[in-house]
There are 2 protein chains.
Amino acid sequence: MIKTVLIGFGNVGSHLARAFEASSEIDLIQIYNRTYLDEANQREVQANFITDLKLLKKAEVYVVAVKDDCISDLINSLPSQNAIVAHTSGSVQLLETQHRDAVFYPLQTFSKNKALDYSNIPFCLEAKHPDTYAVIEKMAKSISTKVHAITTLQRQQLHLSAVFVCNFVNHLYAIGEDICLKHQIPFEILDALIDETAQKIKTLSPTHAQTGPALRNDQKTIQRHLSQLEETNYKVLYQQLTNSIALKHGKKL
Amino acid sequence: MIKTVLIGFGNVGSHLARAFEASSEIDLIQIYNRTYLDEANQREVQANFITDLKLLKKAEVYVVAVKDDCISDLINSLPSQNAIVAHTSGSVQLLETQHRDAVFYPLQTFSKNKALDYSNIPFCLEAKHPDTYAVIEKMAKSISTKVHAITTLQRQQLHLSAVFVCNFVNHLYAIGEDICLKHQIPFEILDALIDETAQKIKTLSPTHAQTGPALRNDQKTIQRHLSQLEETNYKVLYQQLTNSIALKHGKKL
């Protein structure tokens, strides 16, 4: 088994800890977190927690799941012992340090207390040296069926895509919920539509799956929708998204 | 069984036809479409097609699934015979005509050749008279487990919400796909993320499910993402959505 230490126990780290402990290839021997975590926060995880980097155990792999801005400093402060040090960021480049540098990026949206099926999560891996890559690939394949070799440039673009299809999509859900709640409509009525919209693009390119007033250049509906929206901010977004759909599909508004 | 004629065989109509024929309460006796449909287009449907409104059979219910702009004229041109005439639009008000007016609005995104599980689709119903409502409710309940009494005002707001959580969301998927394809990344890598984003809000309000650089006010990532985007249009959208998330969550950008 691959002796592994996890550094960081936030949204990503806490999920990786559970995935590592469920893996038959990974031996999670320790978890470092900057602050002390009470028992409630340690639940479902067996490994020992530390809050002092000086207490780090020797391991083959250190997985660093801390904030982007802290990654470089933290990795440079780790003792040099020819170990693999892999960060989990979608944005930070493959570093060049005194360690065997790697990237171990799970492409998913993590909420601390929301269980996930890890076998379905794509892991995007990168390492300069093939022997380093082989180790992190073995780790990733012991968790998930979806493992990809992705360059830093690709990963940064993937991260940008993820902001559109996850963070921004979620904000549009929130706007939908706002409108529903304001008019005493249960937001759950939209569940089936939200699911079908997400499922449809598995068999149809989203460019071809586009429907709605913007695509049809249905000005009457567009203008009525704009007049229904009370918040200036949502009006601007509605107009901008409508323009963008029209532009993509060569319609003149 | 409720003798029913369907008027219009576009995206919505073609799905309703299949749902009606599968229902044990509905007897679909005829389908009108403005233009002649060849056999390929009539497949999976047993009812007779006509293209001349003069050939309309007498029925208890006429379901009108035509473009919003055509609904009123079409319904007014139908012979007066005390039948229920229900349109299927998310936007058009409950009419007041010589018929027994009703609304039979299936809240879903329909593509002509994409099979759907109708039992899961919410039907939003409206009628002035309780006896009219009772008939369309019986029809809807014979298709779906999700049947709601929704006023015109609520339906119009629901339709607006649907544009945000379906049409606009799909456009964000299309932007994600554009970015992936431009950098030789298979768009399918984002499948699990797209699914989880849609699933997460079934147990968590989207307002609380929000993650990403905009929520964290992570200017470094935001600026890098903006510089990565080549299309002005997508840059504007990125900035606008980021501002809107910050505004909603009381962050100062």
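Quick caveat: nothing in here was measured; it's all calculated off a predicted structure. (Residues numbered from 1 in each chain as written. Chains lettered and ligands numbered in written order. Predicted model: local features only at pLDDT ≥ 70, side-chain atom pairs only at ≥ 80, totals over all residues. Heavy atoms only, no water.)

Trainee: Honestly, the overall build of chain A in this entry has me stumped. Any pointers?
Mentor: Broken down by element type, chain A carries ten helices and eight strands. The principal-axis extents of the C-alpha atoms in chain A amount to approximately 65 × 40 × 30 Å. In chain A, which comprises 253 residues, the share counted as buried stands at 58%. Long-range pairs, those at least 24 residues apart, make up 54% of the contacts in chain A with a sequence separation of at least 6. As displayed, chain A has an accessible area near 10,800 Å², and 49% of this comes from carbon and sulfur atoms. One finds the centroid of the 26 positive side-chain charges in chain A at a distance of 6 Å from the centroid of its 26 negative side-chain charges. (Helix = DSSP H or I, 4+ residues; strand = E, 2+ residues; numbered from the N terminus. Buried < 20%, exposed > 50% of the residue type's maximum accessible area, 1.4 Å probe, protein only. Contact = heavy atoms within 4.5 Å. Areas by Shrake-Rupley, 256 points an atom, 1.4 Å probe, with all protein chains shown as cover. Lys, Arg positive; Asp, Glu negative; His and termini not counted. Charge placed at Lys NZ, Arg CZ, Asp CG, Glu CD.)

Trainee: What is the right way to read the side chain of Thr109(A) from this model?
Mentor: Within the secondary structure layout, Thr109(A) lies in the loop between strand E6 (100-106) and strand E7 (123-127). Within the structure, Thr109(A) has its side chain in polar contact with the side chain of Lys200(B) (distance 2.7 Å). Not counting residues within four places of it along the chain, the set of residues in contact with Thr109(A) comprises Leu116(A), Cys166(A), Leu193(B), Glu196(B), Thr197(B), Lys200(B) and Thr211(B). (Polar contact = N/O pair within 3.5 Å; in protein donor to acceptor, adjacent residues only side chain to side chain.)

Trainee: Please explain the relation of the copies chain B and chain A as it appears in this structure.
Mentor: For these two chain copies, the linking operation is a rotation about an axis paired with a shift along it. Superposing chain B onto chain A requires a rotation of 180° together with a translation of 0.0 Å along the rotation axis, leaving an RMSD of 0.0 Å. Classification of the inter-copy transformation places it as that of a two-fold axis. For chain B, the residue whose C-alpha comes nearest the rotation axis is Val169(B), separated from it by 2.8 Å. Most of the interface of chain B is mirrored in chain A: 100% of its interface residues are interface residues there too. (Least-squares fit on C-alpha atoms with pLDDT ≥ 70 in both.)

Trainee: Even after reading the chapter, I still don't get the interface of chain B and chain A, so can you show me in this structure?
Mentor: On the side of chain A, 87 residues touch chain B, which itself brings 87 residues to the contact. Buried area between chain B and chain A, summed over both chains or domains, comes out near 8,600 Å², and the portion from carbon and sulfur atoms is 65%. The interface formed by chain B and chain A includes 44 residue pairs in polar contact (both at pLDDT 80 or more). Contributions of two or more residues to the side of chain B that touches chain A are made by helix H3 (68-77), helix H5 (152-182), helix H6 (191-200), helix H7 (206-209), helix H9 (219-228) and helix H10 (232-248) of chain B. Element by element, the count of residues in the side of chain B that touches chain A is highest for H5(B), at 26 residues. (Buried area = accessible area lost by both parts, 1.4 Å probe.)

Trainee: Whenever I open this one, the nonpolar core confuses me. Can you help?
Mentor: It is characteristic of soluble globular proteins that their nonpolar side chains tend to be buried jointly. Judged by nonpolar contacts, the single largest core of 77 residues is most densely connected at Tyr173(A), Leu190(A), Tyr173(B) and Leu190(B). In this view, Leu190(A) contacts Cys180(A), Leu107(B), Leu158(B), Ser161(B), Ala162(B) and Val165(B); residues no more than four positions away in its chain are not counted. (Core = buried A, V, L, I, M, F, W, Y, C linked by side-chain atoms within 4.5 Å.)

Trainee: Help me understand the side chain of Ser244(A), please; the structure alone is not making it clear to me.
Mentor: Note on placement: Ser244(A) falls in helix H10 (residues 232-248). Within the structure, the side chain of Ser244(A) is placed 2.8 Å from the side chain of Asn233(B), a separation counted as a polar contact. Excluding residues that lie within four positions of it along the chain, Ser244(A) makes contacts with His171(B), Asn233(B), Tyr234(B) and Leu237(B).

Trainee: I tried to follow helix H1 (residues 11-22) of chain B on my own but got confused; where do I start?
Mentor: Along an α-helix, a turn takes 3.6 residues, which lines up residues three or four apart on a common side. Residues and elements named next belong to chain B. For H1, built from twelve residues, the straight-helix expectation of 16 Å at 1.5 Å per residue is met to within 8% by its first-to-last C-alpha distance of 17 Å. Every buried residue belonging to H1 is among Gly13, Ser14, His15, Leu16, Ala17, Arg18, Ala19 and Phe20, and all of these are buried. Each element contacted by the buried residues of H1 is listed here: strand E1 (2-7), strand E2 (26-32), strand E4 (61-64), strand E6 (100-106), strand E7 (123-127) and helix H4 (130-141). (Expected span 1.5 Å × (residues − 1).)

Trainee: So what exactly am I meant to see when it comes to unusual backbone geometry here?
Mentor: Residues and elements named next belong to chain B. One non-glycine residue, Asn82, lies in positive phi territory at about 60°. Mapped onto the elements of the fold, Asn82 is located in the loop between H3 and strand E5 (84-87). Asn82 sits in the exposed class, given a relative accessible area of 54%. We note that Gln184 has phi near 55°; this positive angle belongs to a residue other than glycine.

Trainee: Which parts of the structure should I look at to understand the sheet that holds E7(A)?
Mentor: Hydrogen bonding along the main chain pairs the strands of a sheet, whether they run parallel or antiparallel. Residue and element names in this part refer to chain A. Here eight strands make up an open sheet; going across it, the order is E3-E2-E1-E4-E5-E6-E7-E8 and the pairing mixed. The open sheet is flanked by strand E3 (48-50) and strand E8 (147-149), the only strands paired with a single partner. On average, adjacent strands in this sheet sit at an angle of 25° to one another, irrespective of strand direction. Note that strand E5 (residues 84-87) and E6 share four bridges and pair parallel. Each bridged residue has a counterpart across the sheet, and for Val85 the counterpart in E6 is Asp101. The strands touched by helix H4 (residues 130-141) within the sheet are strand E1 (2-7), strand E2 (26-32), strand E4 (61-64), E5, E6, E7 and E8, with E7 carrying the most contacts at an inclination of about 165°. (Pairing = 2+ DSSP bridges. Axes fitted to C-alpha atoms, helices over the stretch in contact; angles between N-to-C directions.)

Trainee: Would you mind showing me how to read the packing of aromatic side chains here?
Mentor: Geometry of an aromatic ring pair is reported as the spacing of the ring centres plus the angle between the planes. Evaluation of the coordinates by the stated rule reveals twelve aromatic pairs over all chains. With 5.2 Å between their ring centres and 90° between their planes, Phe164(B) and Phe168(B) make a pair best called edge-to-face. Remark: Phe168(B) and Phe164(B) occur in helix H5; sequence separation between them is four residues, near one turn of the helix. Each member of the pair Phe164(B) and Phe168(B) is classed as buried. A network of ring pairs unites the aromatic residues Phe20(A), Phe104(A) and Phe123(A) as a single cluster. (Phe/Tyr/Trp six-rings, centres within 6.5 Å; stacked < 30°, edge-to-face > 60°.)

Trainee: Where do I start with the pattern of salt bridges in this structure?
Mentor: Opposite charge on two side chains makes pairing possible when the charged atoms of those side chains draw close. Considering all chains together, one arrives at 20 salt bridges over all chains under this definition. In this structure, the salt-bridge partner of Asp178(A) is Lys248(B), at a minimum N-O distance of 3.1 Å. With one member in each of two chains, Asp178(A) in helix H5 (residues 152-182) and Lys248(B) in helix H10 form a pair that bridges those chains. A relative accessible area of 26% places Lys248(B) in the partly exposed class. (Salt bridge = Lys/Arg side-chain N within 4 Å of Asp/Glu carboxyl O.)

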